[in-house]
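What follows is the residue order along each chain.
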Amino acid sequence: MTSENTNSVYVALIHHPVYNKNRQVVRTCLTPLDLHDISRACRTYGIRAFYFVNPMRSQRELAQMIFDHWSTGWGARYNPNRKEAISLIRIAADLEGVRRAIEQEWGRAPKTVATSARMEGPDLDYPEMRARIRQGRDPFLLLFGTGWGLVREDIDAADFRLHPIQGQGEFNHLSVRSAVSIILDRILCDR
Ligand SMILES: C[S@@+](CC[C@H](N)C(=O)[O-])C[C@H]1O[C@@H](n2cnc3c(N)ncnc32)[C@H](O)[C@@H]1O
């Protein structure tokens, strides 16, 4: 798939609302590795932008500091590859703000696609998603969770629920960084 097609795909990493271990709804904090690794995967697969979504101002400021360090500060000279990847990061307080920003960019709202290791009633597999992206009609926003994952309401409210990644056995609880890389490869490459 050419980068012209993948350019209509966005990734969002949601830090609220998400579940904790006891299935309570919580806000989670930034994991610096997520910013570095997910932005590299996004850059590799030609993703339009990677949204860090967190309602806490201090967390957004921290993300901004990391972004500034690697995109304009000392880090930009030290590691130009990282600068190129990190430049895809955008910072938002909530999912609604992300939707609005993409709608302004495209003139139409993105189709949201929820991901989870335990998806009830998945309604989109990888080849179908690839085909939809290729049609080029709509922008797509892939939603990834932190903590113990996206809340039921957000999964139900998404336009699509992607089939979970399944490996060799029952266990499939990937880090979000691994999940993003595998899903981008499956939906954007023909191999
Ligand atoms: C629940 S969070 C776990 C965060 C964790 N603290 C970490 O180390 O990344 C992982 C997210 O990655 C995605 N994910 C993980 N395993 C997956 C799978 N097998 N299929 C699809 N998505 C998956 C989902 O978006 C999920 O919300």
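Notes on the structure follow. (Residues numbered from 1 in each chain as written. Predicted model: local features only at pLDDT ≥ 70, side-chain atom pairs only at ≥ 80, totals over all residues. Heavy atoms only, no water.)

### Observations regarding the overall build of the protein
As a reminder, the rule being used: Numbering of helices and strands runs from the N terminus; a helix is a DSSP stretch of H or I covering at least four residues, while a strand is a stretch of E covering at least two. A 1.4 Å probe rolled over the protein chains alone gives each residue an accessible area, and that area as a share of the maximum for its type sets the label: buried under 20%, exposed over 50%, partly exposed in between. In what follows, residue pairs with any heavy atoms lying within 4.5 Å of each other are defined as contacts. What sets the accessible areas is the Shrake-Rupley method with a 1.4 Å probe; for residues, cover comes only from the shown protein chains. His is not counted, nor are the chain ends; Lys and Arg add positive charge and Asp and Glu add negative charge. For this purpose, a charge sits on NZ of Lys, CZ of Arg, CG of Asp or CD of Glu.
If you tally the helices and strands in the protein, you get nine helices and eight strands. Across its three principal axes, the protein shows a C-alpha extent of roughly 45 × 40 × 35 Å. Relative to its full complement of 191 residues, the protein shows a buried share of 46%. Of all intrachain contacts in the protein linking residues separated by at least 6 positions in sequence, the fraction that spans at least 24 positions is 79%. Summed over all atoms, the accessible surface of the protein reaches about 9,800 Å², with 47% contributed by carbon and sulfur. With 26 positive and 22 negative side-chain charges, the protein shows a separation of 4 Å between the mean positions of the two kinds.

### Here's the deal with the sheet that holds strand β7 (residues 140-145)
Note the following rule: Following DSSP output, two strands are said to pair if at least two bridges run between them. For every element, the axis is a line fit to its C-alpha atoms; helices are fit only across the contacting stretch, and the angle between N-to-C directions ranges from 0 to 180 degrees.
Pairing is parallel in the open sheet, where six strands are placed in the order β5-β4-β1-β7-β6-β8. Each edge of the open sheet is held by one strand with a lone partner, namely β5 (89-92) and β8 (160-161). Pairing of strand β1 (residues 9-14) with strand β4 (residues 49-53), which is carried by five bridges, proceeds in the parallel orientation. By the bridge assignment for β4, Leu13 is matched with Phe52. Sheet contacts for helix α6 (residues 95-106): β1, β4, β5, β6 (111-114) and β7; angle to β4, the most-contacted strand, approximately 155°.

### So, the pattern of salt bridges
Applicable threshold: Whenever Lys or Arg places a side-chain nitrogen within 4 Å of a carboxyl oxygen from Asp or Glu, that contact is recorded as a salt bridge.
For the structure on display, the rule yields eleven salt bridges. Between Asp34 and Arg177 there is a salt bridge; the shortest N-O distance is 2.6 Å. Residue Asp34 is found in helix α2 (residues 32-44), and its partner Arg177 is found in helix α9 (residues 176-188); the two are separated by 143 residues along the sequence. A salt bridge links Arg152 to Asp156; the shortest N-O distance between them is 2.9 Å. One end of the pair is Arg152 and the other is Asp156, both in helix α8 (residues 152-157) and four residues apart, which spans about a single turn. A relative accessible area of 22% means that Arg152 is categorised as partly exposed. Exposure remark for Asp156: the relative accessible area of 46% places this residue in the partly exposed category. Within the structure, one salt-bridge network assembled from shared partners comprises Arg48, Arg90 and Glu105.

Geometry only, nothing functional implied.
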